[in-house]
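Fold and contact review
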Amino acid sequence: SLQDKVIAEELKAMNDVGTRQEHFWVSSFYVTSERDAYVLVDRMNQINHRVYDILTPKGYKMLNLYDMSAAFSYDTATQFDGMHIIGPPMKM
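This one's a predicted model, so the numbers in the text were calculated from it and none came from an experiment.

1. Some thoughts on the overall build of the chain
- Secondary structure summary: the chain contains four helices and two strands in total.
- Of the regular secondary structure in the chain, the N- to C-terminal order runs α-β-α-β-α-α.
- Within the chain, the fraction of its 92 residues that count as buried is 28%.
- By sequence separation, contacts in the chain at least 24 residues apart represent 61% of the contacts at least 6 residues apart.
- Surface summary for the chain: the accessible area is close to 6800 Å², and the carbon and sulfur share equals 57%.

2. Some thoughts on the nonpolar core
- Listed in full, the eight residues of the largest apolar core are Ala8, Leu11, Val17, Trp25, Val51, Ile54, Leu55 and Tyr60.
- For this core, the secondary structure elements donating two or more residues are helix H1 (2–12) and helix H2 (40–55).
- The residues touching Val51, leaving out its near neighbours within four places in the chain, are Leu11, Trp25 and Thr56.

3. Some points on the side chain of Ser27
- Assignment of secondary structure puts Ser27 in the loop between strand E1 (24–26) and H2.
- Judged by its relative accessible area of 4%, Ser27 falls in the buried class.
- Polar contacts involving the side chain of Ser27 include one to the main-chain amide nitrogen of Leu65, which spans 2.8 Å.
- In terms of polar contacts, Ser27 uses its side chain to reach the backbone amide nitrogen of Tyr66, at 3.1 Å.
- Look past the residues within four positions of Ser27 in its chain and what remains in contact with it is Asn48, Met62, Leu63, Asn64, Leu65 and Tyr66.

Each value, and the rule that gives it
Residues numbered from 1 in each chain as written. Predicted model: local features only at pLDDT ≥ 70, side-chain atom pairs only at ≥ 80, totals over all residues. Heavy atoms only, no water. Helix = DSSP H or I, 4+ residues; strand = E, 2+ residues; numbered from the N terminus. Buried < 20%, exposed > 50% of the residue type's maximum accessible area, 1.4 Å probe, protein only. Contact = heavy atoms within 4.5 Å. Areas by Shrake-Rupley, 256 points an atom, 1.4 Å probe, with all protein chains shown as cover. Core = buried A, V, L, I, M, F, W, Y, C linked by side-chain atoms within 4.5 Å. Polar contact = N/O pair within 3.5 Å; in protein donor to acceptor, adjacent residues only side chain to side chain.

Right, here's the structure in full:
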């Protein structure tokens, strides 16, 4: 889509990380309550992979909150469904 192309061009235009620097980017969270099944979760995962592919060669490091929040979501679901969560994912 046009929006994806614009975002990719903006990421590609970012400077490389210098040898005495550290730059991080934060991945998206795992979205536990989506109304249309498999829409947001898959889209967030796609975006994370695209950003990773562009920024990693430039020296940026990813803080992976997607996998961490997905694990917490299932571990803290009060109804054991991975959707009705309490605790750490809501406070990360």
